[in-house]
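What follows is the residue order along each chain.
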Amino acid sequence: SCVHNDEVISQQRGNVTMKLLREQATVCCYAFECSSFLTNPITYGYMDGFDSAVQCVTVLYWVCDPQMIARGKNASDLFPAVVKNVACKNIEVKKLVYVYLVRYAEEQQDLALLSISTFQRGLKDPNQLIRASALRVLSSIRVTIIVPIMMLAIKEAASDMSPYVRKTAAHAIPKLYSLDPEQKDCLIEVIEKLLADKTTLVAGSVVMAFEEVCPERIDLIHKNYRKLCNLLIDVEEWGQVVIINMLTRYARTQFLNPNMNVSTTEATAIVKRKPYVMDPDHRLLLRNTKPLLQSRNAAVVMAVAQLYFHLAPKAEVGVIAKALVRLMRSHSEVQYVVLQNVATMSIKRRGMFEPYLKSFYIRSTDPTQIKVLKLEVLTNLANETNISTILREFQTYIKSNDKDFVAATIQAIGRCATNIGEVRDTCLNGLVQLLSNRDELVVAESVVVIKKLLQMQPEQHSDIIKHMAKLTDNIQVPMARASILWLIGEYCEHVPKIAPDVLRKMAKTFTNEEDIVKLQIINLAAKLYLTNSKQTKLLTQYVLNLAKYDQNYDIRDRARFIRQLIVPTDKSGALSKYAKKLFLALKPAPVLESPFKDRDHFQLGSLSHLLNAKAGGYQVLPDWPEAAPDPSVRNVEVKESVQTYPLHPPASDTASGSESGSGSEESGSGSESEESNEESESASEEDEEEEGKKKKKNVEKIKARKPVPESESDSQPNTIASVQVFDTICKPAWLYMQFLLNPPLPVSVPQTIIPSGNLKTYELLHRITGEGLSVEYCFSRQPFSPDPHMVAVKIQFTNSATSEAKSLHVEDAKLQSGMRIKEFPEIEVLPAGETISVVMGIDFCDSTQAANFQLCTHTRKFFVSIQPPVGELMMPIFMTENEFKKEQGQLMGMNEITEKLTLEEKCQGEHAVVQRVTTAANLSRVPCGSDKECRFAGKTVTSGSLVLVSVVTKEDGAAQLTVNCEKMVIGTMLVKDIHQALTQ
Amino acid sequence: MINSLFLINPSGEIFLEKHWKSVVSRSVCDYFLEAKEKALEPEDVPPVIHTPHHYLISIYRDKLFFLSVIQTEVPPLFVIEFLHRVAEMIQDYFGECSETVVKDHMVMVYELLEEMLDNGFPLATESNVLKEMIRPPTILRSVVNTLTGTSNVGDTLLTGQLSTIPWRRAGVRYTNNEAYFDVVEEIDAILDQSGTTVFAEIQGVVEACVKLSGMPDLTLSFMNPRLLDDVSFHPCVRYKLWESERVLSFIPPDGNFTLMTYHVNAQNLVAIPVYVKQSISFFECGSDGRLDVTVGPKQTMGKTVEGVMVTVHLPKTILSINLTATQGSYTYDNGTKLLVWDIGKLNPQKLPNLRGSLSLQAGAPKPEENPSLNIDLKIQQLAISGLKVNRLDMFGEKYKPFKGVKYITKAGKFQVRT
């Protein structure tokens, strides 16, 4: 109880310190802004001792006022006066000082060091929130000299018992890295350690640190890959984005292309390939990310969408379309980014967006940039079947008042026409009609597009060319004029009479034309000279002479070059012979391509993809490997997970979603407890008397370590030393110690302990009844994360038949009222000879009634039922001795059941009692001063009613068992079970 | 990740700046202001701008620009989503998001921004966690603060961030325990001149206002969950239970929140509650035109259509208009050429009509396109898709809460082409 008092005191002190350091986390703000108010002499007077929050807030207001900022000057000379306030009691003043400190520390390094000790003290505080905020401030001070201190602080925090402090450590890593990149190697070690962390709180932050410091070290991910996949759904949304993007890159290096059979050309297909089988880890990633498509966060949805686009088999990519279309309802900025990505995707996988064609229809109220992107998508989606609908839609767009949008629509029509042969003539006619539009921009754009279309089949369209030739009189847009001139020049043979006339008119206006038009006039002249020199010789020379004296050197150059080429002189070189070939060569028709083509070599959803240029820090999305690297690198050794598992603070276990935890881990923890039990038993056999002392020694050890748990290396989790320490301590002491190191949080965070004792397995379906399928279950004693009111039942299927069993699932649950079942996800295939474990949750409503349901395979249905022993209807909770006594005092009378019993021979001694009780019921040990008494506490899973058990041992194996529980039925049954466990 | 944030008002004045890493000079905003000058409408400013040393990602919301400065690769949606959360947070704390409000609560906004990001990476964006650290202002509290010299910064241990359900704080107590759900459906539609539906769909959202003590565990089920084609959830909803049983099971955040949004699978068989008869014509000769719009009820499921409003962006060449409305009133802004006809309740016996003449600027050509009409409407006590909440069950707490469900149908992006 002495230890306990210490605990209370440090908790109280924590609260006081908390008040002082409470807002340390609030740092860097106002940074730049401080300067202005500090140069103001009136406010400067306050700095030495303003203690009223009102004053403080007033000052803060000035500080934040941008009008002040504008006049701001360097205020670093006030540093000493300000830093003095670092120990000020007022939180807001303190915050202001921190802000100032962080901003100016760089310029006043020596003075900044004075404040460091405040934070170092905070790092050792027993309160995890204080430790975290001290680290947050310390790591934000950009002074190189404290790099070693920061490094040390980060390393220590990375081993902290509190996941929140570890998260803060992960946040501090990129800060230190940007301050001193030479620390990279040390930081990678910390990252490696934090990557192994099993809590959702840390996962997102450490992957962020990984991406900023060492994204190339993909090898660090192997061992953590499966864990990250399994944690993903419970990680906070921002972390999810970062993890998913990183895992996309990882998967590209480790797995084979699921579409390789589809995409390989015939030549390679002949080479005999092994039939493609998807790596189960690849499947795991796809399966675990899919639910996140339902996230409310657009960034998460986009991250999953890009993951599916880059990694999923062709047939499965479709699922993302619906989610992306949903994002189109969101803010216009979100639409903008999503449409960019949809545009890229729709080129590669047109089919998946086709059903949503109408969602991309344009409204007159859409911003222009959204309209243009929607148009892009609609164009990409156009095919033979929907083109008529799309063209009809386009027709309404052409009437829009938004001219940029109209121009884009005309371009889009052009692209549809080139891509879909059937509608080329329709489109062309439509565009020709636009030539008589009143708006010049529309006409100009149409001309440009028609020019491109005509190049595909000029012979058939000489009338259109004639029509366009007439336009030169009216249309003024340079690009359109240039296009017309080029067309006439190129196809002058189709319009032999008009062409020279056009050149005549152009020669007249040559000097007034824009440069691009002039160039095309020269071009037209040259071509006509070569085909029809009789009529145009003089005109050409006239044009070339005008060009010779043009202001633009490009035009002068071009004129000189062309003259040499086409006009035969003595000096003209060998090239002039080929002039005709050069100018009148058949030119390939332009391909009207989407600007989004091939943009998918950038990872979708990235900034680089959006800009179509590599942004700083962008990690290239690697190509699939030819042969898959060794998949066994991702195997996690069971031993390792066992050793680290129990060392994690309780909060972490609930967070990690043990439901999806791998079977190996669970069985591993079972074997571990077996080991420790053996050890404890052998210890008790050695000398029963000495045992009491040993126990005390353990407690002393713990006590000695308690005040500064972080500073000692041997109390750090995951280190070998600590594992050894734990191995020597028997289980109850260990639970006790865990309690000490992790005082219960003030909020009711659901807590869990690992199961103690062996997990008893029950049979659900016998091999013979199940026709080769045998099913066993056990109560895993893990919290069932989808629903904390359910008991987790681990079900193990073994297929001993010769053929595979398919689609194993639960059906038709017949439950007592109030009871609920959370089925396991359907098992698609269980190959012959294989075993698979799944977890399902059952809410038994705190009763031992059986849950009846049908277990179905693809062929058969079996009626099965699961009946829980009363001890499995509860989950352990931590309590102090005082709390236990207090609660016990409130559960007297009817709620208390006492029974006298004689302990069985082997069961005498504290450890044996503890072991038997915790095997019989899922309870945790409550610390107790006397070694004659063992106490246990838990609460029922559904209603959360307290269950308190105490066993008082007397001489000669006599003992008294007391159970206090609000639910009398449970109490009675529990007494029976524990009685049986202790006496047999 | 996110380096700095600037808040800019429509006239281009920077009224708040905040840096989470080293300071970026505010001159970086010049690139943005340049783009803003070029854009005709604020919505046309590109959300992502590339400058020589930085990338600028901005959103336009509530007539304010939220501009963030980025230095390295980061998913643009990550930043955009975060900026919207900032705007929502301001809205949540102060009731509205505007320049005045931000300036009035400058200090608190700074404090909030400080907590939302650490080194540019989101730290606490859940409103419940933030409210535990920095209490929202109330009139009473500001009086008390002035008198006693205390501040809004909470001095209790902040534990929300440590919880496995960060969206709910511990120890919530209410005397009246109540849970209300609003099922709001919006019809997005495009109708063509003849009134045929070009495109129509229903988007819905379930808004919740939950004020329950303790740690209630709620289960909301629908009569016809099959209607829901695509859904997205608040993180509190247990997705797997939805997958298997089509029920929403969740431990709710405290207060107002959006539980889910959904899309109804109706395959274009969407009931359109109103029809619009319109004719807008401009005469070829002379600078004149006519406008005649009538709105009437169509498929209203026997309910009254309320809050009907017709908005028209008239062509830029319109000089003046002269209209008469048989019901409601119209306003016309000659600067923006925006015509708003506020009709109110739709009476099937006497259909509202708006007609009159439009005069064009002298010599201006006849407008190419007729302006499209945007319709607003509201129908109380009806979810147009037919979605119905079956029941709401509560576990984990013993008291009996008041429960309520309200249905509303609204027009979303409802446009009539003319």
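Residues numbered from 1 in each chain as written. Chains lettered and ligands numbered in written order. Predicted model: local features only at pLDDT ≥ 70, side-chain atom pairs only at ≥ 80, totals over all residues. Heavy atoms only, no water.

The name given to chain A in an unreviewed UniProt entry is AP-3 complex subunit beta, and the organism recorded there is Oncorhynchus kisutch.

**Student:** I tried to follow the overall build of chain A on my own but got confused; where do I start?
**Tutor:** For chain A, the count of helices and strands is 45 helices and 15 strands. Residues classed as buried in chain A amount to 59% of the 984 residues present. Considering only contacts within chain A whose residues lie at least 6 apart along the sequence, 68% involve residues at least 24 apart. (Helix = DSSP H or I, 4+ residues; strand = E, 2+ residues; numbered from the N terminus. Buried < 20%, exposed > 50% of the residue type's maximum accessible area, 1.4 Å probe, protein only. Contact = heavy atoms within 4.5 Å.)

**Student:** What am I meant to see in the sheet that holds strand β1 (residues 761–765) of chain A here?
**Tutor:** All names here are of chain A. The strand order across the open sheet built from five strands is β1-β2-β3-β7-β5, with neighbouring strands paired in antiparallel fashion. Each having just a single partner strand, β1 and β5 (820–822) make up the two edges of the open sheet. Across the sheet, the axes of successive neighbouring strands diverge by a mean angle of 30°, strand direction being ignored. Pairing between β1 and strand β2 (residues 773–783): four bridges, direction antiparallel. Bridging across to β2, Tyr762 finds its partner in Tyr777. (Pairing = 2+ DSSP bridges. Axes fitted to C-alpha atoms, helices over the stretch in contact; angles between N-to-C directions.)

**Student:** Please explain the confidence of the model for chain A as it appears in this structure.
**Tutor:** One rule of thumb: low pLDDT means the predicted coordinates there are not for detailed reading. Residue and element names in this part refer to chain A. With 75% of its residues at a pLDDT of 70 or more, chain A shows a mean pLDDT of 75. Ranking the elements of chain A by mean pLDDT puts helix α3 (residues 41–47) last, at 34, and helix α19 (residues 298–311) first, at 94. The low-confidence segment residues 1–75 (pLDDT under 50) makes 177 contacts with residues lying over four places distant or belonging to another chain. Every residue in residues 639–757 scores below 50 in pLDDT, and together they form 177 contacts with partners more than four places removed in sequence or on other chains. (pLDDT = per-residue confidence, 0-100.)

**Student:** When you look at the side chain of A:Arg252 in this model, what are you seeing that I'm missing?
**Tutor:** For A:Arg252, the location among the structural elements is in helix α15 (residues 237–254). A residue is classified by how much of its surface remains accessible, and A:Arg252, at 10% relative accessible area, is buried.

**Student:** Even after reading the chapter, I still don't get the nonpolar core, so can you show me in this structure?
**Tutor:** It is characteristic of soluble globular proteins that their nonpolar side chains tend to be buried jointly. Of all hydrophobic cores here, the largest spans 242 residues; its most connected members are A:Leu324, A:Met345, A:Phe360, A:Phe394, A:Met468, A:Ile566 and B:Phe66. Once residues within four sequence positions are removed from consideration, B:Phe66 is found in contact with B:Leu5, B:Phe6, B:Leu7, B:Ile57, B:Ser58, B:Ile59, B:Arg61, B:Leu83, B:Val86, B:Ala87, B:Ile90 and B:Cys97. Among the nonpolar cores identified, the runner-up in size contains 72 residues, and B:Ala208, B:Val210, B:Val231 and B:Met260 belong to it. (Core = buried A, V, L, I, M, F, W, Y, C linked by side-chain atoms within 4.5 Å.)

**Student:** Just checking my understanding: could you explain the pairing of strand β14 (residues 274–282) of chain B for this structure?
**Tutor:** Two faces belong to every sheet, and in a regular strand the side chains alternate between them. All names here are of chain B. What you see with β14 is a clean split: Val274, Val276, Gln278, Ile280 and Phe282 sit on the buried side and Tyr275, Lys277, Ser279 and Ser281 on the side with no burial. Of the strand pairs in this sheet, β14 and strand β15 (residues 288–297) are connected by nine bridges, and their pairing is antiparallel. Considered in β15, the bridge of Val274 is made with Pro297.

**Student:** It is not clear to me how the packing of aromatic side chains should be interpreted in this structure. Could you clarify?
**Tutor:** Two aromatic rings are characterised by how far apart their centres lie and by the angle between their planes. The final tally for this structure, using the stated rule, is 19 aromatic pairs over all chains. Consider the rings of A:Trp238 and B:Phe82, whose centres lie 6.1 Å apart with planes at 70°: the pair is edge-to-face. Here B:Phe82 lies in helix α2 (residues 76–94) and A:Trp238 lies in helix α15, a pairing that spans two chains. Residue A:Trp238 is classed as buried on the basis of its relative accessible area of 2%. The side chain of A:Lys451 reaches across the aromatic face of A:Trp486, ending 5.1 Å from its centre. For the cation-ring pair, B:Lys388 lies above B:Tyr407, with the distance from its terminal atom to the ring centre recorded as 5.3 Å. (Phe/Tyr/Trp six-rings, centres within 6.5 Å; stacked < 30°, edge-to-face > 60°. Lys NZ or Arg CZ within 6 Å of the ring centre and 35° of its normal.)

**Student:** What is the right way to read the pattern of salt bridges from this model?
**Tutor:** Where charged atoms of side chains with opposite charge meet at close range, the side chains can pair. The final tally for this structure, using the stated rule, is 55 salt bridges over all chains. For A:Glu771, the salt bridge is made with A:Arg860, and the minimal N-O distance between the two is 2.6 Å. One end of the pair, A:Glu771, is in the loop between β1 and β2; the other, A:Arg860, is in the loop between β8 (851–856) and β9 (861–866), and 89 residues separate them in sequence. Note that B:Arg61 is salt-bridged to B:Glu88, the shortest N-O span being 3.4 Å. One end of the pair, B:Arg61, is in strand β4 (residues 55–61); the other, B:Glu88, is in helix α2, with 27 residues separating them in the sequence. (Salt bridge = Lys/Arg side-chain N within 4 Å of Asp/Glu carboxyl O.)

**Student:** It is not clear to me how the sheet that holds strand β1 (residues 2–8) of chain B should be interpreted in this structure. Could you clarify?
**Tutor:** Residues and elements named next belong to chain B. In spatial order, the strands read β2-β1-β5-β4-β3; together these five strands make up an open sheet with antiparallel pairing. Two strands bound the open sheet, and with one partner strand each, they are β2 (14–19) and β3 (48–50). Strand-to-strand, the axes of this sheet are offset by a mean angle of 20°, without reference to chain direction. Pairing of β3 with β4, which is carried by three bridges, proceeds in the antiparallel orientation.

**Student:** Even after reading the chapter, I still don't get unusual backbone geometry, so can you show me in this structure?
**Tutor:** It is generally the case that most residues other than glycine have a negative phi and that most peptide bonds are trans. Residue B:Asp62 is not a glycine yet carries a positive backbone phi of 50°. Mapped onto the fold, B:Asp62 is located in the loop between β4 and β5 (64–70).

**Student:** Whenever I open this one, the confidence of the model for chain B confuses me. Can you help?
**Tutor:** Scored by pLDDT, chain B has a mean of 85; 92% of the residues are at 70 or more. Taken over the whole predicted complex, pTM reads 0.68, whereas the ipTM for its chain interfaces reads 0.89.

**Student:** Explain a nonpolar patch on the surface here, please?
**Tutor:** All names here are of chain A. Where nonpolar side chains cluster on the molecular surface, the patch consists of Leu575, Tyr578 and Leu582 and spans about 320 Å² of accessible area. Tracing the backbone shows Tyr578 in the loop between α34 (553–566) and α35 (579–584). Relative accessible area serves as the criterion here: at 43%, Tyr578 is assigned to the partly exposed category. (Patch = residues over 30% accessible without salt bridge, like charges linked within 9 Å, V, L, I, M, F, W, Y side chains within 5 Å. Areas by Shrake-Rupley, 256 points an atom, 1.4 Å probe, with all protein chains shown as cover.)

**Student:** What's the story with helix α4 (residues 106–116) of chain B in this structure? I'm lost.
**Tutor:** One turn of an α-helix holds 3.6 residues; hence residues three or four places apart share an orientation. Of all eleven residues in α4(B), eleven are buried; the element is thus mostly enclosed. Buried within α4(B) we find B:Met106, B:Val107, B:Met108, B:Val109, B:Tyr110, B:Glu111, B:Leu112, B:Leu113, B:Glu114, B:Glu115 and B:Met116.

**Student:** I would appreciate a short explanation of the packing of α2(B) against α4(B) in the present structure.
**Tutor:** For any two helices packed against each other, one specifies the crossing angle of their axes together with the interaxial distance. Residues and elements named next belong to chain B. Viewed as axis vectors pointing N to C, α2 and α4 meet at an angle of 140°, and their least axial separation amounts to 11 Å. One way to sum up the angle between α2 and α4 is to call them oblique. Every pair of crossing elements has a handedness; the one defined by α2 and α4 is right-handed. Taking contact as the criterion, the partners of Phe82, Arg85, Val86, Met89, Tyr93 and Phe94 in α2 are, on α4, Met108, Val109, Leu112, Leu113 and Met116. Partitioning the contact of α2 with α4 into residue classes produces ten nonpolar, no polar and one charged. (Parallel < 35°, antiparallel > 145°, perpendicular 65-115°, else oblique. Left-handed = near helix turned anticlockwise from the far one by under 90°. Nonpolar A, V, L, I, M, F, W, Y, C, P; charged D, E, K, R; others polar.)

**Student:** Hey, could you run me through the packing of helix α8 (residues 109–123) of chain A against helix α9 (residues 128–138) of chain A in this one?
**Tutor:** Residue and element names in this part refer to chain A. Running from amino to carboxyl end, α8 crosses α9 at an angle of 145°, the nearest separation of the two axes being 7 Å. Crossing of α8 against α9: the hand is left-handed. Seen from α8, the contacting residues are Ile116, Phe119, Gly122 and Leu123; seen from α9, they are Ile130, Arg131, Ala134, Leu135, Val137 and Leu138.

**Student:** Quick question: what am I supposed to make of the environment of A:Pro783 here?
**Tutor:** Within the secondary structure layout, A:Pro783 lies in strand β2. Residue class for A:Pro783 comes out buried when judged on its relative accessible area of 18%.

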